[in-house]
Amino acid sequence: MSEIEETINRIKTHKSVQGIVICNNDGQIIRSTYGTESKEGENIARTIPTLAAKAKSTVRDLDPQNELTFLRIKSKNNEIMVAPDKEFLLIVVQGPKEEKKEDE
Amino acid sequence: MNNNYQDKQKLLQEKKEKIARLKEEQMRQQLQIASVRLPQQITQVEENADSNQSSHQAQPTQNQGVIAPPQQSDLISLYLQTKRKKLGFQTIEMYSNNPAPPQTEVMTIEFGVQCDFEIQQQKQENDDQVIPIMENVRRDSRKKREILQSAEKVIEKVEKNISMEEINSIVQSQSFQRFFSRSSKTIEKAIHGGEVDVLEDLMNTQQVAQEIGKDNLTKLLSFSDKVYTENRVVTSIQWSPTLPNTFLAAYSQNEEGSITDQVGVVLLWSLQLKSRPEFYCFANSPITSACFHPFSPNVVLGGLYNGQVVVWDLRAKHTPEKRSTLNSGGHSYPIYGLSIVGSQNANNVISSSNDGRICIWNLAQLNQPQKIIDLKTKNKQQTTNPQVEVNSTCMVFPQGDANNFYVGAEDGCIYKSKLHQNTNENIVIPFEEHLAPVSGISLNSSPQASPIISNLLLSSSFDWTCKLWNTRTQSDNKCLATFECSEDYVYDVQWNGQHPSLFSTTDGEGYVDLWDLSYDLEAPITRYKSGNNSINKSQWSKDGTKIAIGDSFGEIQILQLSQKAQKVDHERLAKLEQWIKSEK
């Protein structure tokens, strides 16, 4: 259990990471660094799983032997990275690129 | 809570009304012989959806009537109806109009509604109800019944927070741990901006790469002619520069034939004409080398065992149109190297014979060579003659180069020389490493090759090996690599004309080895046994997909190269170039 917390912390403290959400395919939050005050975490957990499911089925449709390994949405304000799984999703929201490369 | 209850009641009421209405319609429609009414019903569905009513009516599997839920008895009767209707033609139309989506996973969730991926869960102000839109639900009536039944139960918020205990139990579970370890690594790699390569995938692809070796060469065709090719050694093969499916093959004498047999034969084969050769060309001496004229499509040149150069015109007769004379300069030894250099308007025929003599001919005037060059090299044995002739067995010109050429000799050296030298002497630069006569040389002529790769020379020898040389570096004259996988004389080596790092060697046991330098410098990627006869000559087709191999009994086989082997792996190629550069 603590490894999970450690890893979440490690990811969270990376410079440009804005938040982490672990949820299941239905959108139920298992872990979130957003806290309950802001609706962001909930919004993410509500919307991303459907998108990831659609992406997963698209990849499968194009080639039945293929499967989705990683989904990355780059937008103007941030970047959402989704590592999907059979039942769960690990979602990390990262700020724009300029903020990175500070700890190298 | 009261509000919600009332709302629910209202909705139920409306539902009931609708049901009644629709039932009437249904009865009416059953009397008609209706055609497919699908579009109507879809619009009905949309209307329903829009008006935020319960959209349980959405699913028409029949063209008649809309299934309306919730009462148990109704459902059963409806189910029975659909069962009956299923046998009808109309149902089939229905299916074809709206085919079910492939591989849908209809998940049964306690607090959700069975739907496919088009869930639009609208969180409204009164958040207690979630109204799903059931599009694309499978037209399985049993499933439908389940859906409709569960839809009744519905309508708890999907967003219901699961308790901390549940969360904890999930987190403790094995599957979660595994998921987390894998995905967190992926995410961390991605965060740092690097390539997201999942390690498991990498391990899988490596395995695939190793399986390339099988089936790279498959036999396509075999050419032989009872009369003209039996028991003759194939001495030369060349693909036509103009016609993609034609190649010529020169044969030596049939030792066991009768006196009346043709002594020297060149046959033109076409891949499309499998039963017999397309053209015959004869000569009165065994033919040791032959080639097409690149600029005149109907001209074939041959070099004979007695030193003559002959020209055939395919439009005319079978015997040579022109021939060089046996006196006055020219060769008196077998001609092992024959090529045409130059451009369309200014070209020359270059022939090299076994005694080290190179002659430059002009086709219009075959009586006398334009220039004679005698290649000589230092005499290692230091007898009376300081210089000794180069007994050449093969000759090759780089593409586009009309001056420099390479000659492989019987003493195991490869000599580089020029046709037109500045000084009077003839300077040859030897590459000495083979321990036995050089049987074949080949220069990389792939159009995709970088300058580094296009300077690579391959040589095969009777010492069972092949060697790779970098012709750019003059200093050491050491070979870059030696390929030793044969256990017999290696008779020929040829670069593939398209793939920059692929080449083939043929040996006396009948093996054709396919080597790809970008994969492995020490072993061939395929060893193909073409039979028990030694393969004397080979030649890749212009597009690099086929290789023609000729053996010592007159049979020519065409082997097809697999698609996998034709692929050029640029990363590996770049690594190869690096290695070559560093080997100076």
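Residues numbered from 1 in each chain as written. Chains lettered and ligands numbered in written order. Predicted model: local features only at pLDDT ≥ 70, side-chain atom pairs only at ≥ 80, totals over all residues. Heavy atoms only, no water.

Per an unreviewed UniProt entry, chain B is named Cytoplasmic dynein intermediate chain, and its organism is Paramecium sonneborni.

An unreviewed UniProt entry lists chain A under the name Dynein light chain roadblock, from Paramecium sonneborni. UniProt, in the comment section headed Function (unreviewed entry), describes chain A in these words: "Acts as one of several non-catalytic accessory components of the cytoplasmic dynein 1 complex that are thought to be involved in linking dynein to cargos and to adapter proteins that regulate dynein function. Cytoplasmic dynein 1 acts as a motor for the intracellular retrograde motility of vesicles and organelles along microtubules." In the Sequence similarities (unreviewed entry) part of its UniProt record, chain A is described as follows: "Belongs to the GAMAD family." (UniProt positions renumbered as here; feature names shortened; annotations may be inferred.)

What follows is about helix α2 (residues 40-62) of chain A. A rise of 1.5 Å per residue sets the reference length of α2(A), with its 23 residues, at 33 Å; its end C-alpha atoms lie 33 Å apart and thus fit the reference within 8%. Contact partners of the buried residues in α2(A): β1 (17-24), β2 (29-32), β3 (71-74), β4 (79-84) and β5 (88-94) of chain A. (Helix = DSSP H or I, 4+ residues; strand = E, 2+ residues; numbered from the N terminus. Expected span 1.5 Å × (residues − 1). Contact = heavy atoms within 4.5 Å.)

As summarised here, the arrangement of the four strands in space is β6-β7-β8-β9 (chain B), forming an open sheet in which the pairing is antiparallel. Looking along the sheet, the strands with just one partner apiece sit at the ends: β6 (287-292) and β9 (322-323) of chain B. (Pairing = 2+ DSSP bridges.)

All names here are of chain B. Mapped onto the secondary structure, Arg 232 falls in the loop between β1 (217-223) and β2 (234-239). Overall, Arg 232 belongs to the buried group, its relative accessible area being 0%. At 3.1 Å, the side chain of Arg 232 forms a polar contact with the backbone oxygen of Ser 252. Excluding its chain neighbours within four sequence positions, the residues that come into contact with Arg 232 are Tyr 251, Ser 252, Gln 253, Asn 254, Asp 261, Gln 262, Val 263, Val 265, Asp 551, Ser 552, Phe 553 and Gly 554. (Buried < 20%, exposed > 50% of the residue type's maximum accessible area, 1.4 Å probe, protein only. Polar contact = N/O pair within 3.5 Å; in protein donor to acceptor, adjacent residues only side chain to side chain.)

Here the focus is the sheet that holds strand β11 (residues 347-353) of chain B. All names here are of chain B. Spatially, the four strands line up as an open sheet ordered β10-β11-β12-β13, and their pairing is antiparallel. Of all strands in the sheet, those with a lone pairing partner are β10 (335-342) and β13 (371-374), marking the two edges. Across the sheet, the mean angle separating the axes of adjacent strands is 20° when strand polarity is ignored. With four bridges joining them, β11 and strand β12 (residues 357-361) adopt antiparallel strand pairing. Directly across from Val 349, in β12, lies its bridge partner Trp 361. (Axes fitted to C-alpha atoms, helices over the stretch in contact; angles between N-to-C directions.)

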